[in-house]
Amino acid sequence: MQQFYLHAKIHQIPVTDKALHYNGSLTIGRNILEEIDLQPGERVLCGNITNGQRWETYIIPSDEDNACVLNGGVARLGEVEDRLVVMAFCLAEEAPEVRTFHFD
């Protein structure tokens with residue numbers, strides 16, 4: 001039987017910018033996406049460690065290293081320098097190894 005498992009996590013990424021008047025999504029630096037194999041358009045669950053907000057969205061890549069931009073309505077769910085956990089899940093027969101990118 002297939003179940004949903006965590007397959008990638010970005011831990012404690014700081015929000016670097018906000019763009020309220022954007023169609024919506026989460027912009028993440030390509031350097032991070034490539035290291036943990038997250039894809040543009042991939043669905044993610046985000047948790048704001050600073051204020052407790054949670055939401056689902058999709059990823060847009062940025063050429064700026066370590067970028068983390070809240071776009072559209074989710075720009076109201078955090079502030080620059082807030083810390084996020086970004087989690088991606090997959091459907092699989094057994095739990096995969098979780099790829100993690102950690103900010104200190």
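Each remark here, short or long, concerns the structure printed above.
Here goes a summary of the coordinates provided. This is a predicted model, so every value here is computed, not measured.

## Observations regarding the pattern of salt bridges
Side chains carrying opposite charge are able to pair once their charged atoms draw close together. Considering all chains together, one arrives at three salt bridges under this definition. Arg30 serves as the salt-bridge partner of Asp63, at 2.7 Å between the closest nitrogen and oxygen. In this pair, Asp63 is assigned in the loop between strand S5 (54-62) and strand S6 (68-71) and Arg30 in helix H1 (residues 30-36), connecting sequence segments 33 residues apart. The exposure class assigned to Arg30 is partly exposed, which follows from its relative accessible area of 36%. Across the pair Arg43 and Glu56 runs a salt bridge whose closest N-O atoms are separated by 3.0 Å. Of this pair, Arg43 sits in strand S4 (residues 43-48) while Glu56 sits in strand S5, and the two are 13 residues apart along the sequence. By relative accessible area, Glu56 is classed as partly exposed at 49%.

## Examining the state of the cysteines
Overall, the coordinates contain zero disulfides when judged by the stated rule. In this structure Cys68 is a free cysteine whose sulfur lies 7.6 Å from that of Cys46, the closest cysteine sulfur available. According to the relative accessible area criterion, Cys68 is buried, its value standing at 0%.

What counts and how
Residues numbered from 1 in each chain as written. Predicted model: local features only at pLDDT ≥ 70, side-chain atom pairs only at ≥ 80, totals over all residues. Heavy atoms only, no water. Salt bridge = Lys/Arg side-chain N within 4 Å of Asp/Glu carboxyl O. Helix = DSSP H or I, 4+ residues; strand = E, 2+ residues; numbered from the N terminus. Buried < 20%, exposed > 50% of the residue type's maximum accessible area, 1.4 Å probe, protein only. Disulfide = S-S within 2.5 Å.

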